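As a plain string of letters, each chain reads:
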Amino acid sequence: MSEAAPPVPSPSLRDASRPRQESCRILGLDPGSRLTGWGVIEADGADCRCLAHGRIEGGSLPVAQRLARIHAELGDIITLWQPSEAAVERVFVGRNVDSALKLGQARGAALAAIGVLEVAEYAPRAVKLATTGFGGAEKLQVAHMMRALLKVEGRLTADAADALAVALCHAQHRRLAGVLQARSIG
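Keep in mind it's a predicted model, so treat the numbers as computed, not measured. (Residues numbered from 1 in each chain as written. Predicted model: local features only at pLDDT ≥ 70, side-chain atom pairs only at ≥ 80, totals over all residues. Heavy atoms only, no water.)

A. View of the overall build of the chain. In terms of regular secondary structure, the chain is built from 5 helices and 5 strands. Reading the helices (α) and strands (β) of the chain from amino to carboxyl end gives β-β-β-α-β-α-β-α-α-α. Taking the intrachain contacts of the chain between residues at least 6 apart in sequence as the baseline, contacts between residues at least 24 apart amount to 62%. By element, 56% of the accessible surface of the chain is carried by carbon and sulfur atoms, the whole surface being about 10000 Å². (Helix = DSSP H or I, 4+ residues; strand = E, 2+ residues; numbered from the N terminus. Contact = heavy atoms within 4.5 Å. Areas by Shrake-Rupley, 256 points an atom, 1.4 Å probe, with all protein chains shown as cover.)

B. Representation of the pairing of strand β2 (residues 35-44). In terms of residue burial, β2 counts as a mostly covered element, since 8 of its 10 residues are buried. Of the strand pairs in this sheet, strand β1 (residues 23-30) and β2 are connected by 8 bridges, and their pairing is antiparallel. Considered in β2, the bridge of Leu-29 is made with Trp-38. Linkage of β1 to β2, two consecutive antiparallel strands, is achieved through a turn of 4 residues. Examined bridge by bridge, β2 and strand β3 (residues 47-57) share 10 bridges and lie antiparallel to one another. Along β3, the bridge assignment pairs Gly-37 with Arg-55. The turn joining β2 and β3, which pair antiparallel and follow one another in sequence, is formed by 2 residues; a positive phi near 65° is taken by Gly-45. (Buried < 20%, exposed > 50% of the residue type's maximum accessible area, 1.4 Å probe, protein only. Pairing = 2+ DSSP bridges.)

C. Spotlight on helix α3 (residues 124-132). Of all the residues in α3, the buried ones are Ala-126, Val-127, Leu-129 and Thr-131. Backbone geometry just after α3 places Gly-133 at a positive phi near 90°.

D. Representation of the nonpolar core in the model. Counting residues in hydrophobic clusters, the biggest one holds 26 residues, and the most contacted among them are Ile-26, Ile-41, Cys-48, Met-146, Leu-150, Leu-156 and Leu-164. The set of elements that each furnish at least two residues to this core consists of β1, β2, β3, β5 (118-122), α4 (139-150) and α5 (158-185). (Core = buried A, V, L, I, M, F, W, Y, C linked by side-chain atoms within 4.5 Å.)

E. Structural context of the side chain of Arg-66. Mapped onto the secondary structure, Arg-66 falls in helix α1 (residues 63-81). Buried within the structure, Arg-66 lacks any salt-bridge partner; Asp-98 is the closest side chain of opposite charge, at an N-O distance of 9.1 Å. Among residues more than four places away in sequence, those in contact with Arg-66 are Ser-33, Arg-34, Gly-58, Gly-59 and Leu-61. (Lys, Arg positive; Asp, Glu negative; His and termini not counted. Salt bridge = Lys/Arg side-chain N within 4 Å of Asp/Glu carboxyl O.)

F. Examining the confidence of the model for the chain more closely. When the pLDDT values of the chain are averaged, the result is 85; 84% of them are 70 or greater. A low-confidence stretch, residues 1-19 stays under pLDDT 50, and its non-local contacts, those more than four residues away or across chains, total 26 contacts. (pLDDT = per-residue confidence, 0-100.)

G. A look at the sheet that holds β5. Read across the open sheet, the 5 strands follow the order β3-β2-β1-β4-β5; overall the sheet is mixed. Of all the strands in the sheet, just β3 and β5 have a single pairing partner and so form its edges. The sheet shows a mean angle of 20° between the axes of neighbouring strands, direction not considered. Running at roughly 150° to β3, α1 makes contact with β1, β2 and β3 of the sheet. In the packing of helix α2 (residues 97-114) onto the sheet, contacts are made with β1, β4 (85-89) and β5, and the angle to β4 comes to roughly 175°. (Axes fitted to C-alpha atoms, helices over the stretch in contact; angles between N-to-C directions.)

Next up, the structure:
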């Protein structure tokens, strides 16, 4: 069975009339209620490199404190790394509604911290397909590809690897959108 092409970010999340810069800094996020992965990449055309990555740990804190931590630490990360765009993994709703609600809350705290940055959303399968070539890739495969494609050295947690994959997926989509825009103009 062949994989479908990942969807282009929803026009409601970005202003399609704004010209895209060739080079940009992208913040990728993999929100979670206990662990939120983040990664910052520099995308210059087809070349991408990892600038920083990590995870925000909420652990066993009460929910409100976990959400406040996500918001505050992402604010610090944005201030430090000055991304121009952000990409967030879309919430996957499985069988556990309670887990989906908690994930949605963490995602909301992350989006509130992002503020005025342009934000794109990608489904988990689309991220895996764009970065590993297989929409059902396991976390170890995603981490392996992030190490290879972004030349990440040292420790890379699964959460940070997923966040870097979201950022890389966005870099690929914005590059493709630029190519398509150039072809339609020319």
